[in-house]
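# Reading the structure
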Amino acid sequence: MTIATDPASQAAAHSAGPTRAVRLLGEDDWDGWRDAARRLLAAGIDPDAIIWTVGGKADDLFAIENELPPQPRVPPRVPRSFLPLAQSAILHSDPERFALLNRLLVKVSRYPDLMSDRADPLLRRIDLLAKAVRRDIHKMHAFVRFRELDNGDGSQRFVAWFEPDHHIVRATSGFFVRRFAQMQWSILTPELCIHWDGEALTESPGAERPDAPADDAFEQAWKTYYGAIFNPARLKIKAMLKEMPRKYWKNLPEADLIAPLVASAQARESSMVEQVIPSGNRARTLEALAEEAQGCRRCPLWKGTSGCVFGEGPGDAAMMIVGEQPGDEEDRGGRPFIGPAGQVLDRALSEAGIDRREVYLTNAVKHFKYVMRGKRRLHQKPDAAEIDMCRWWLDQEASLIRPRSTVMLGATAVRGITGKTGAVGKMRETALPLQHGSGTVSWHPSYVLRLPDREAADRAYDQLVQDLRLAAERTG
Ligand code: URA
């Protein structure tokens, strides 16, 4: 970031001195803006005397570059709420945003209470910018759709095209890295492209839509899934358009289905509630999902296993129980909870008065993770990245089943369902609000089995039964 003084403007002599240009490195150069704004504030330079520019755009206009005013020894004191607001608003595409923020900074450094004055026009305007940016980020998280490309060496790269309204690509990169840590992917946008190779994030200049693939083999599966979770009884066209504005449709495989699904939903208006189509479709789609998951290579855990152990149970189950990952027996048998932990769970379920056949049972991670000790395969805890990768499947199971009550057995299940970490002992008994129904956290049956102290094991088992009962009540 540099500052230049415009000699022509010096003649015009603004009351606060000559007009200056501050040149930032990029449209989202928060550090550059903050550094300059602090210096300008400390030097008492009138915000109206500053022209903010980005990159080389000011080269022709301003020939003389001056030293920046010195960095103040003590950074200005501003209310805490200024920072997140400014960090969002600066990503807006409005070219005036740097100047507006500079003005707000000067104002709140003098009148900190202004940050809570919702009637202040400057604050309101900046607030609207920040809101628009947050909404754009939310839409990018929700509507980026990767298409699979074969690298030609047996590995895959996933490529998505997206057109954000604001300068949010770098700001969203962390989300995609966390969510798709084990994949190689690229997100192409007109302004900037980001690429993740499994270890490092790199950038390249903006691209054009034809640079990204328009479809792939996965497209049909995605459409089947969307068609199945589409619930005509819940159709609210206005709300749908608000949540999924038309401009995003061109990147969404499922968009092709919207018009026919809406049309058929409207035509079947009165009878649709009784129709079993959603649950029939759910069962069929669960089957298709389970089949597709057999080919899952999203993380390396599939190597050395007999296959993916997908969830089992009715597609319209009111209760879903999520474990950690299949064990040795589950891997051999291809079904969840059929080994020693499964026996504990079965006993606890029947004591709680719950019929296993009515529950959808699944795991946060769908492949058995282990190390070899001699001839034995010893269970290894899945790590955060593996759980996060496998959420791809768990999310789809949950959206299809829409359980009213979900039991999370152990911390891995909690992370799989909520994305959060926490101590099971602390989370028990408090119902967690989930996207679908409520969540109950309890001890994993293997934990009960592993407790060396008999009394402690009995106590944990009793609590497991108690939690299952509570979860059954929460289906009501
Ligand atoms: N432990 C789990 O978490 N899930 C199973 O399926 C078996 C053991």
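Just above sits the structure.
Structural notes, computed from the coordinates. As the structure is a prediction and not an experimental result, all values here were calculated from the model. (Residues numbered from 1 in each chain as written. Predicted model: local features only at pLDDT ≥ 70, side-chain atom pairs only at ≥ 80, totals over all residues. Heavy atoms only, no water.)

## As for the overall build of the chain
Scanning the chain for helices and strands turns up 17 helices and 16 strands. Residue pairs in contact within the chain that sit at least 24 positions apart in sequence constitute 71% of those at least 6 positions apart. (Helix = DSSP H or I, 4+ residues; strand = E, 2+ residues; numbered from the N terminus. Contact = heavy atoms within 4.5 Å.)

## Observations concerning the sheet that holds strand 11 (residues 359–363)
Taken in spatial order, the 5 strands line up as 11-10-14-16-15 in an open sheet, and their pairing is mixed. With partners counted over all chains shown, the strands left at the sheet margins are strand 11 and strand 15 (432–433), one partner each. Its contacts with the sheet place helix 14 (residues 411–418) against strand 10 (319–323), strand 14 (405–409), strand 15 and strand 16 (438–442), and it is angled at close to 135 degrees to strand 14. (Pairing = 2+ DSSP bridges. Axes fitted to C-alpha atoms, helices over the stretch in contact; angles between N-to-C directions.)

## Points about the side chain of Arg415
Structurally, the position occupied by Arg415 is in helix 14. In this structure Arg415 comes out as buried when scored by relative accessible area, which is 18%. At a separation of 2.7 Å, a polar atom in the side chain of Arg415 contacts the side chain of Asp388. With near-sequence residues (within four places) excluded, Arg415 lies in contact with Ala384, Ile387, Asp388, Arg391, Lys420 and Thr421. (Buried < 20%, exposed > 50% of the residue type's maximum accessible area, 1.4 Å probe, protein only. Polar contact = N/O pair within 3.5 Å; in protein donor to acceptor, adjacent residues only side chain to side chain.)

## Quick word on the environment of Pro314
Along the polypeptide, Pro314 turns up in the loop between helix 10 (277–293) and strand 10. Judged by its relative accessible area of 25%, Pro314 is partly exposed. Residues Pro314 and Leu286 lie 28 residues apart in sequence; the distance between their C-alpha atoms is 9.4 Å.

## Structural notes on the site of the ligand
Neighbouring the ligand are Gly323, Glu324, Gln325, Pro326, Gly327, Glu330, Pro336, Phe337, Ala341, Asn363 and His444. Within the backbone of Phe337, a nitrogen or oxygen atom sits 2.8 Å from an oxygen atom of the ligand. Within the side chain of His444, one N or O atom sits 2.6 Å away from an oxygen atom of the ligand. Considered class by class, the residues forming the shell around the ligand number 4 nonpolar, 5 polar and 2 charged. (Near = heavy atom within 4 Å. Nonpolar A, V, L, I, M, F, W, Y, C, P; charged D, E, K, R; others polar.)

## Section: the side chain of Asn363
With respect to the element layout, Asn363 can be found in strand 11. At 3.5 Å, the side chain of Asn363 forms a polar contact with the backbone nitrogen of Gln325.

## Let's talk about the sheet that holds strand 7 (residues 185–188)
The strand order across the open sheet formed by 5 strands is 5-6-7-8-9, and the pairing between neighbours is mixed. Both outer strands of the open sheet, strand 5 (147–150) and strand 9 (201–205), are each paired with one neighbouring strand and no more. Each strand of the sheet is rotated relative to its neighbour by a mean of 25 degrees, with strand direction disregarded. With 4 bridges connecting them, strand 5 and strand 6 (residues 156–161) associate as antiparallel partners. By the bridge assignment, Asp150 is partnered in strand 6 with Gln156.

## A word on the packing of helix 3 (residues 82–89) against helix 5 (residues 121–143)
Taken N-terminus to C-terminus, the directions of helix 3 and helix 5 make an angle of 65 degrees; their axes are 7 Å apart at the nearest point. Judged by the twist between their axes, the crossing of helix 3 over helix 5 is left-handed. Taken together, the residues of helix 5 that come into contact with helix 3 (itself represented by Leu85, Ser88 and Ala89) are Leu123, Ile126, Asp127, Leu129, Ala130, Val133 and Arg134. Grouping the constituent residues of the contact of helix 3 with helix 5 by class yields 7 nonpolar, 1 polar and 2 charged. (Left-handed = near helix turned anticlockwise from the far one by under 90°.)

## Observations concerning the packing of helix 2 (residues 30–42) against helix 4 (residues 97–110)
Contact geometry of helix 2 with helix 4 gives a least axis separation of 11 Å together with a crossing angle of 45 degrees. It follows that helix 2 is oblique to helix 4 by the angle criterion. Here the hand of the crossing between helix 2 and helix 4 comes out right-handed. Here Trp33, Ala37, Leu40 and Leu41 of helix 2 lie close against helix 4, whose contacting residues are Phe98, Leu101, Asn102, Leu105, Val106 and Ser109. (Parallel < 35°, antiparallel > 145°, perpendicular 65-115°, else oblique.)

## Some details on the nonpolar core
Nonpolar side chains in soluble globular proteins tend to be buried together. Formed by 111 residues in total, the largest nonpolar core has its most connected members in Trp33, Trp52, Leu104, Phe146, Trp185, Ile321 and Leu468. Beyond its immediate sequence surroundings of up to four residues, Leu104 is in contact with Phe82, Leu85, Leu114, Met115, Leu122, Leu123 and Ile126. Val159, Trp161, Cys193 and Ala212 belong to the second-largest nonpolar core, a separate cluster that totals 6 residues. (Core = buried A, V, L, I, M, F, W, Y, C linked by side-chain atoms within 4.5 Å.)

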